[in-house]
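Okay, here's what each chain looks like letter by letter:
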2 protein chains.
Amino acid sequence: MSDTQHRLATRLAALFQRLAESQVDAYLVLSSDAHLNEYGPIYQRRRAAITGFTGSAGGALLCPEGSHLFVDSRYYLQADQEVDPAYFRVHKLGMEGAHTLTGWLTEMERQRGSLRVGFDPFSTSTEAHTSYVKALKNAGSALVPITPNLVDAVWEDCPAPPAQPIYSLPDEVTGRSVADKLTAIRAEMAKAGADALILTKLDEIAWVTNLRGSDVSHNPVFEAYLVIEREQATCFTRVAPPAEVQQALASQITFQAYHAYPEAVQRLGATPELTVWLDAAGTTMGTRLLLAETQRLHAARNPVVLMKAVKNTAEVAAMRNAHLHAAAAKIRSLARLERQLAVGQRVSELAYSEMLHEEYSSEAGFRDLSFTTIAAAGPNGAIVHYSQASPDVELRHGELFLVDSGVQVLGGTTDDTRTVSIGTPTERQRRLYTLVLRCHIALARQKFPEGTSGVVLDGLARASMWNAGLDYGHGTGHGVGAFLNVHEGPQRIGPRGSDEPLQPGMVVSNEPGYYEEGWGGIRLENLYVVVPDDDMPPHPSGKRWLQLETLTLIPFDERLIDWSQLSDTERAWLVRYHQQVEETIGPLLNEDDRTWLREACTLPR
Amino acid sequence: MSDTQHRLATRLAALFQRLAESQVDAYLVLSSDAHLNEYGPIYQRRRAAITGFTGSAGGALLCPEGSHLFVDSRYYLQADQEVDPAYFRVHKLGMEGAHTLTGWLTEMERQRGSLRVGFDPFSTSTEAHTSYVKALKNAGSALVPITPNLVDAVWEDCPAPPAQPIYSLPDEVTGRSVADKLTAIRAEMAKAGADALILTKLDEIAWVTNLRGSDVSHNPVFEAYLVIEREQATCFTRVAPPAEVQQALASQITFQAYHAYPEAVQRLGATPELTVWLDAAGTTMGTRLLLAETQRLHAARNPVVLMKAVKNTAEVAAMRNAHLHAAAAKIRSLARLERQLAVGQRVSELAYSEMLHEEYSSEAGFRDLSFTTIAAAGPNGAIVHYSQASPDVELRHGELFLVDSGVQVLGGTTDDTRTVSIGTPTERQRRLYTLVLRCHIALARQKFPEGTSGVVLDGLARASMWNAGLDYGHGTGHGVGAFLNVHEGPQRIGPRGSDEPLQPGMVVSNEPGYYEEGWGGIRLENLYVVVPDDDMPPHPSGKRWLQLETLTLIPFDERLIDWSQLSDTERAWLVRYHQQVEETIGPLLNEDDRTWLREACTLPR
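Residues numbered from 1 in each chain as written. Chains lettered and ligands numbered in written order. Predicted model: local features only at pLDDT ≥ 70, side-chain atom pairs only at ≥ 80, totals over all residues. Heavy atoms only, no water.

A.B. asks: Give a detailed account of the overall build of chain A, specifying residues and quantitative values.
C.D. replies: Scanning chain A from N- to C-terminus turns up 19 helices and 28 strands. The C-alpha atoms of chain A give 25 Å as radius of gyration, which agrees with the globular expectation for 605 residues (25 Å, within 12%). Judged by the C-alpha coordinates and their principal axes, chain A covers about 75 × 60 × 50 Å. For chain A, restricting intrachain contacts to residue pairs at least 6 apart in sequence, the fraction spanning at least 24 positions comes to 69%. Accessible surface computed for chain A: about 24,000 Å², of which carbon and sulfur atoms make up 50%. Charge-centre separation for chain A: the mean point of 55 positive side chains lies 3 Å from the mean point of 74 negative side chains. (Helix = DSSP H or I, 4+ residues; strand = E, 2+ residues; numbered from the N terminus. Rg over C-alpha atoms; globule rule 2.2 N^0.38 Å. Contact = heavy atoms within 4.5 Å. Areas by Shrake-Rupley, 256 points an atom, 1.4 Å probe, with all protein chains shown as cover. Lys, Arg positive; Asp, Glu negative; His and termini not counted. Charge placed at Lys NZ, Arg CZ, Asp CG, Glu CD.)

Next comes the structure, spelled out in structure tokens:
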């Protein structure tokens, strides 16, 4: 038994002891955290601490008679490697006969007659809770909220919650003062008849307060709750913002300690005439249970979601600025890579990744990467979320190299993917690259009327690949925050769950791809901002025409483009795009890199 | 005051008298009927009988202090023409400040403090009822079910309910015996834990029973309810099917009189241990209220919806057969039209429409049109639902002529639209026609993986038109029944509400269009059946590849095709399609028509 296994076994034994004390048969440990972060701080990674499984998603059900872990296809292998089969049964979702967590709750209840399941309300979303409630059908069964979290009690070296400094952004960067934002939010509250709005998502709180932090890696957010009432707003933070920040916001927001939040919400809940606006999609049962049963709830999407997604002029300008820096740095890294390879230097995934980081860091305003760089050589390109650039995997002639990366630059967030040829590409590589590029261009040049949702655009991006018998297993595009999270809603472009109409000011990625196990991957990703196109003929129903305007300005690898596969309109788009890249980024580079860029932007015509 | 106005005024006065007796402030009269038919029998057209407004959609709220009619943009003009402003205020939905019916209920309640609204549960869908319940917020307000319908009592010359004969279809046409269908339905009921399934939609009842009727024009259905229990099934019909039909079904279905339905459902409702499956989307409050409050309801889409939509081999064969007849007849009508025009004969919309009907009627197995033929010359082509072919509107040289038509042939239902040039077309006509044709072809030749829903395909059909600044205000495609309703769900291809994945065996239309007021319209519609394409390379996730296979075999007007606008793949599709038309339909025609078809199928190449 390894040390790790031994430590986990000890934790489990201690936890089961507590289950007995709490009179529950089983205990849920989910991957979600108190703010339903996509990526959370380490102290919230309780599922990993008790199971050993470190994947980003997957719930566990702990039970003295045998525990269970539920993982999707991304994590079949990793889960088998990381968890101890002596304690855990791994359920592989999507495999024939595999149970989901909710399915298993039903099954366990059936076997035992009834089932009492403990859970931590502060790490369980209201949506997940609803599905567990539905899963248990017997009157003797129950979901039992247990606070504080039982894993914390047995996690002997649990890290402390983050407490990084909070800083404020100038209005020139955010484009809108906190006072303005609160006025707009309160107008929506008045329309909905809500007296209070509770915000629990960190990016929403950062957006409303024009504050940022670094409690989560790559996402410039800070752990907090925000309660907006008609006359006041209270922000509950781990660390108090600096005095000058507090002073500047004094007429708008009062700051209190993070741990004062539950009591404050309970007080709201104890005032029966108040209507509280709670967005189920962003809230844990922790907050829900603090509100009295009799509380009037306005359960609807909170108004910040759309306000944040629709970028104002200053935000778009900051996004553009961030993309200039990101493009200059990435172009330099690709030029350096080519020079290194040209002189026979060996370059590993990690070496390139570090070189790119170095170039990014040298840009003015650089704060952080916006996510861990994916630098995937050869076959690793087929792993869509490959995030561990290796010092041992070298870029080899004849293979493709996929680089998905982005930065946080004051005011803006970037995310782009380029796939480049190491040495001379094969015909097959060129054919497939060009096919993916055609999908990218189809979406990039598409005009569409206002009201069009992302799902309607997903098919037209995939059309060329589908007709060639190919497809990619991810959405075509996601929303991106402005100096916030690299994934944000409500808009997305995908075959399901993408009903939000695209609006001017929204930022979306366009990232079709091709993946083949053992061979590699191609992904071509730009970010675009949705803009009106008022030069179009009038729409028959008077709708405004929209289109995508690129933020990303990095050339595609012309060696991989099979010009003969492209239509005239596709060629014209590409020529114009490369012109724009050269004209915009060229002046930001030194002569050597500018020359490299000029050649990279030259197309066969 | 005209006779009609006088008659309506008398009816209204009598109705208001009854409102007082029923102690309600207002009375809802909707366009929906007892079976939520898209097109219902005449005796159910109560909204027209009491308001004078004959449009297909639009609810009325009758009130002694002033009545209200709510219409959408299709009916702004018609409503103004048909209703008496002395009694009715017309609310034009979509106009600035216009109230919806539900919005107006809220407003009236606000003005009066509270509001008691009477309604006929048997002509109010459960979904509409839910929205009215939400609209009334005051505890003193109520929605009051009133049976029988109050309009019927004041509608002095209300026609009798239809009582057309019911006939059965042979299993060779339906492809599945009633016994088989009931077994499959009961398997779904068992899975859902339902003891009884109530069907109220006429096409679903016709499908399950393999019976047809003609109570609704163009839809071969009969007024009925069907209650399927674990051991028995009871069909409540206006007229008893012939003895031999009843005998053949005796072991499967018992027939009872239509008016015995409420009591039978009430009996079910009085058995508290039974779970009843009721599909809200297809049911009126009439049925819902017959079930006791305490009744266990399984509220979910009923299993017949998907069984009916996914055609079996025999149904697809019958659909194909119907389309051969429809194509031969329509081709003959177009050839005749061209000959008539060539000799200078004047042809009106109505004359063509009658000629087409004559050709359709001459086909073996012809039963009915599947909807009123749209024969729209010149500017009339811009009216999407133009259904009154005029004897006074002649086809004029230089204009386009749009013909949207279909038939019910034993076993199959057709629906196609062709737009033809009268005389030599202009360049603009050719450009726009070709653009619409490109949209048609884009969808017609698209491969897509199983699980793809119609909404994902809608955008790729529109892509070319959008990029040219054009759009059409209707969906790209709808489902079609097999010898049933020409519009059926759940699948459709449109920008909203089209989340149902397409499955092999589903039939959909593909009908992009272009409409310009005062100029005319272009619509190019074929029906397609979804089929697997197992010749494609394997899908990366192992999904099956699907595509559309044409049912409609009628040439496009080659005079209107601008060959230079088409890509090689589009040309290839068109050449193959015309070849298929000529090879398949040619042999069904006499020599003259065959020669005409050969020429019509010849493309510039």
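A.B. asks: Could you give me a rundown of the sheet that holds strand 8 (residues 196-199) of chain A, with the residues and numbers involved?
C.D. replies: Residue and element names in this part refer to chain A. The strand order 12-11-10-8-13-14 describes an open sheet built from six strands, whose pairing is mixed. Since the sheet does not close on itself, it has two edges, and those belong to strand 12 (254-257) and strand 14 (296-299), each with one partner. Strand-to-strand, the axes of this sheet are offset by a mean angle of 25 degrees, without reference to chain direction. Where strand 13 (residues 275-278) and strand 14 come together, four bridges link them in parallel fashion. Bridge pairing in strand 14 places T275 opposite R296. Sitting on the sheet, helix 8 (residues 178-192) is in contact with strand 8, strand 10 (224-229), strand 11 (233-237), strand 13 and strand 14, with an inclination near 60 degrees to strand 10. Its contacts with the sheet place helix 9 (residues 202-209) against strand 8, strand 10 and strand 11, and it is angled at close to 55 degrees to strand 10. (Pairing = 2+ DSSP bridges. Axes fitted to C-alpha atoms, helices over the stretch in contact; angles between N-to-C directions.)

A.B. asks: Tell me about the pairing of strand 4 (residues 88-92) of chain B, and please be specific about residues and values.
C.D. replies: Every other side chain in a regular strand lies on the same face of the sheet, so the side chains alternate between the two faces. All names here are of chain B. Of all five residues making up strand 4, four are buried, and the element is well covered by its neighbours. Where strand 3 (residues 67-71) and strand 4 come together, five bridges link them in parallel fashion. Looking at strand 4, one finds that H68 is bridged to R89. One crossover worth recording links strand 3 to the parallel strand 4 by way of helix 3 (residues 76-82), and it is right-handed. (Buried < 20%, exposed > 50% of the residue type's maximum accessible area, 1.4 Å probe, protein only. Right-handed = clockwise from strand over helix to strand, strands pointing away.)

A.B. asks: Summarise the confidence of the model for chain A; cite the residues concerned and give the values.
C.D. replies: In this model, chain A carries an average pLDDT of 95, and 100% of its residues clear a pLDDT of 70 or more. In the predicted assembly, ipTM is 0.91 and pTM is 0.92. (pLDDT = per-residue confidence, 0-100.)

A.B. asks: Explain the environment of Y43(A) residue by residue, including any values.
C.D. replies: Residue and element names in this part refer to chain A. Mapping Y43 onto the fold places it in the loop between strand 1 (26-29) and helix 2 (46-51). Sequence spacing of Y43 and A281 is 238 residues, and the spatial spacing of their C-alpha atoms is 23 Å. Ignoring anything within four residues of it in the chain, the contact list for Y43 reads W155, C158, P159, A160, P161, P162, E223, R238 and Y258. Separated by 2.9 Å, the side chains of Y43 and Q44 make a polar contact. (Polar contact = N/O pair within 3.5 Å; in protein donor to acceptor, adjacent residues only side chain to side chain.)

A.B. asks: Before we move on, can you summarise the interface of chain B and chain A with the specific residues and values?
C.D. replies: Contacts between chain B and chain A engage 29 residues on the former and 29 residues on the latter. Each partner contributes to the roughly 2,100 Å² buried at the junction of chain B and chain A, and carbon and sulfur atoms together form 55% of this total. Taken as a group, V456(B), W466(B) and N467(B) account for 30% of the area that chain B buries against chain A, more than any other trio of residues on that side. Scanning the region where chain B abuts chain A turns up zero salt bridges. Across the contact surface, chain B and chain A share eight residue pairs in polar contact (both at pLDDT 80 or more). (Buried area = accessible area lost by both parts, 1.4 Å probe. Salt bridge = Lys/Arg side-chain N within 4 Å of Asp/Glu carboxyl O.)

A.B. asks: Lay out the sheet that holds strand 20 (residues 416-421) of chain A with the relevant residues and their values.
C.D. replies: Think of a sheet as strands paired side by side through backbone hydrogen bonds, with each pair either parallel or antiparallel. Residues and elements named next belong to chain A. Strand order in this open sheet of three strands is 16-17-20, and the pairing throughout is antiparallel. On the outer flanks of this sheet lie strand 16 (374-377) and strand 20, each paired with one strand and no other. This sheet shows a mean twist of 10 degrees between the axes of neighbouring strands, independent of strand direction. Pairing geometry for strand 17 (residues 400-405) and strand 20, over six bridges, is antiparallel. By the bridge assignment, L400 is partnered in strand 20 with S421.

A.B. asks: Describe in detail the packing of aromatic side chains, supporting the description with residues and values.
C.D. replies: Residues and elements named next belong to chain A. Per the stated rule, a full pass over the model turns up 18 aromatic pairs over all chains. With centroids separated by 5.5 Å and ring planes inclined at 80 degrees, the aromatic side chains of F53 and Y75 adopt a geometry described as edge-to-face. Here F53, found in the loop between helix 2 and strand 2 (59-62), pairs with Y75, found in the loop between strand 3 (67-71) and helix 3 (76-82); they are 22 residues apart in sequence, far enough to count as distant. Each member of the pair F53 and Y75 is classed as buried. The interplanar angle of 45 degrees and the centroid separation of 5.4 Å between the aromatic rings of F556 and Y577 together place this pair among those described as tilted. (Phe/Tyr/Trp six-rings, centres within 6.5 Å; stacked < 30°, edge-to-face > 60°.)

A.B. asks: Got a sec to walk through the environment of S56(A)? Specific residues and values, please.
C.D. replies: Residue and element names in this part refer to chain A. Among the secondary structure elements, S56 is positioned in the loop between helix 2 and strand 2. Sequence separation between S56 and V71 is 15 residues, and the spatial gap between their C-alpha atoms is 9.7 Å. For S56, the residues in contact, after removing those within four places along its chain, are S31, R74 and Y75. Polar side-chain contacts of S56 include one of 2.8 Å to the side chain of Y75.

A.B. asks: Quick rundown of the relation of the copies chain B and chain A? Include the residues and the values.
C.D. replies: Each copy of the sequence occupies a distinct position, and chain B is placed on chain A by a rotation of 180 degrees and an axial shift of 0.1 Å, giving an RMSD of 0.1 Å. Expressed as an axis order, the relation between the two copies is that of a two-fold axis. The fraction of interface residues of chain B whose copies in chain A are also interface residues reaches 100%, indicating that both copies meet through the same surface. (Least-squares fit on C-alpha atoms with pLDDT ≥ 70 in both.)

A.B. asks: A description of the pattern of salt bridges should follow, citing residues and the corresponding values.
C.D. replies: Residues and elements named next belong to chain A. Summed over the entire model, instances satisfying the criterion amount to 75 salt bridges over all chains. R112 is paired through a salt bridge with D25; the nearest N and O atoms lie 4.0 Å apart. With R112 in helix 4 (residues 101-112) and D25 in the loop between helix 1 (3-21) and strand 1, this pair connects stretches of sequence that are 87 residues apart. D404 is the salt-bridge partner of R523, the closest N and O atoms lying 2.8 Å from each other. Remark: D404 occurs in strand 17 and R523 occurs in strand 26 (residues 520-523); sequence separation between them is 119 residues. Considered together, R523 and D404 belong to a single accessibility category, that of buried residues. Sharing partners across several salt bridges, the network here consists of R332, R336, E358, E359 and E363.

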